Amino acid sequence: MQQQNMNMPNMNNMQSQQNNMNMQNQQMRMQEPPGVVSTKDALYLTDMMSWNLLSAKKAHFFAGQCQDPEIKAAAEKVCQMHQQHYQQILGHLGQHANQQQPLNNMQ
């Protein structure tokens, strides 16, 4: 019985340490994006753009197949949403690229 009681404070300490680490991680959020996009981030951005483009194409195709006007309108709305997401990601990447100075201009 005493061994179980001795382990309980250790469990509480571990939970307390995990809670502290979670709070520190939340407080350490970046205020601005980094100046460089890592390879992993670039691959993730490529995936997000691909997913949105494919989803927009599929929604547009299904809208063309629908005969019910309400379903057709809903599918077109989904298509537009994915197009907007694609354009937003592309816009963010374009802004980031415009902010970077090419190395050739540095002397």
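This is a predicted model, so every value here is computed, not measured.

K.L.:
Where do I start with the overall build of the protein in this structure?
P.N.:
Looking only at helices and strands, the protein features three helices and zero strands. In the protein, the order of α-helices and β-strands from amino to carboxyl end is α-α-α. Long-range contacts, defined as pairs at least 24 residues apart, comprise 61% of the intrachain contacts of the protein with a sequence gap of at least 6. Approximately 9900 Å² of the protein is accessible, and the part contributed by carbon and sulfur atoms is 54%.

K.L.:
Would you take a moment to explain the side chain of His-82 for this structure?
P.N.:
Tracing the chain through its elements places His-82 in helix α3 (residues 69–99). Taking the relative accessible area as the measure of exposure, His-82 reaches 15% and is therefore buried. Sequence-distant contacts of His-82, that is, excluding residues within four places in its chain, are made with Asn-52, Ser-55 and Ala-56.

K.L.:
Mind showing me how you'd approach the environment of Phe-62 here?
P.N.:
Residue position: Phe-62 is located in helix α2 (residues 39–65). Look at Phe-62 and you get partly exposed, because its relative accessible area is 48%. Through-space distance from the C-alpha of Phe-62 to that of Cys-79 is 9.6 Å; in sequence the pair is 17 residues apart.

K.L.:
Could you clarify how one ought to interpret the packing of aromatic side chains in this entry?
P.N.:
What describes a pair of aromatic rings is the distance from one ring centre to the other and the angle between the planes of the rings. Scanning the model with the defined rule gives two aromatic pairs in all. Considering the side-chain rings of Tyr-44 and Trp-51, the 6.1 Å spacing of their centres and the 80° angle between planes classify their relative orientation as edge-to-face. Since its relative accessible area comes to 49%, Trp-51 is described here as partly exposed.

K.L.:
Looking at this model, I keep getting lost on the confidence of the model for the protein. Mind explaining?
P.N.:
Low pLDDT means the predicted coordinates in that region are not meant to be read closely. On average, residues of the protein score 80 in pLDDT, and 67% of them are at 70 or above. Confidence, expressed as mean pLDDT per element, reaches its minimum in the protein at helix α1 (residues 2–27) with 63 and its maximum at α2 with 94. The low-confidence segment residues 103–107, where pLDDT is below 50, has zero contacts with residues more than four positions distant or belonging to other chains.

K.L.:
How should I be thinking about the side chain of Asn-52 in this particular structure?
P.N.:
Relative to the helices and strands, Asn-52 is located in helix α2. At 3.0 Å, the side chain of Asn-52 and the side chain of His-82 are in polar contact. Those residues in contact with Asn-52, other than ones at most four positions away along the chain, are His-82, His-85, Tyr-86 and Ile-89.

K.L.:
Please explain α2 as it appears in this structure.
P.N.:
Residue pairs three or four apart in sequence face the same way in an α-helix, which turns once every 3.6 residues. Taking 1.5 Å per residue as the helical rise, α2 with its 27 residues ought to reach 39 Å, and the 39 Å between its terminal C-alpha atoms agrees with that figure. Among the residues making up α2, those that are buried are Met-49, Asn-52, Ala-56, Ala-59 and Ala-63.

Rules and cut-offs
Think of each chain on its own: its residues are numbered from 1, step by step along the sequence as written. Given that the model is predicted, a residue must reach a pLDDT of at least 70 before its local features are reported, and side-chain atom pairs must reach 80 or more before they are shown or counted; all residues, however, enter totals for whole chains, interfaces and linings. Excluded from the side-chain calculations are hydrogens and water; all other atoms, namely the structure's heavy atoms, are used. Comment: elements are numbered from the N terminus, with helices defined as DSSP H or I runs of at least four residues and strands as E runs of at least two. When checking whether two residues touch, look at their non-hydrogen atoms; a contact exists if any pair is within 4.5 Å. Each accessible area is a Shrake-Rupley result for a 1.4 Å probe, and residues are judged covered by the shown protein chains and nothing else. For every residue, the accessible area obtained with a 1.4 Å probe (protein chains only) is divided by the maximum for its type, and the residue is called buried under 20%, exposed over 50%, and partly exposed between those limits. Stacked, tilted and edge-to-face pairs are distinguished by plane angle, under 30 degrees for stacked and over 60 for edge-to-face with tilted covering the rest, among Phe, Tyr and Trp rings (Trp via its six-membered ring) whose centres lie within 6.5 Å. A residue's pLDDT is simply how confident the predictor is in it, with values from 0 to 100. Under the rule applied, a polar contact is a pair of N or O atoms within 3.5 Å (in protein, one hydrogen donor and one hydrogen acceptor; residues adjacent in sequence only if both atoms are side-chain atoms). Each residue after the first adds 1.5 Å to the expected span of a helix.

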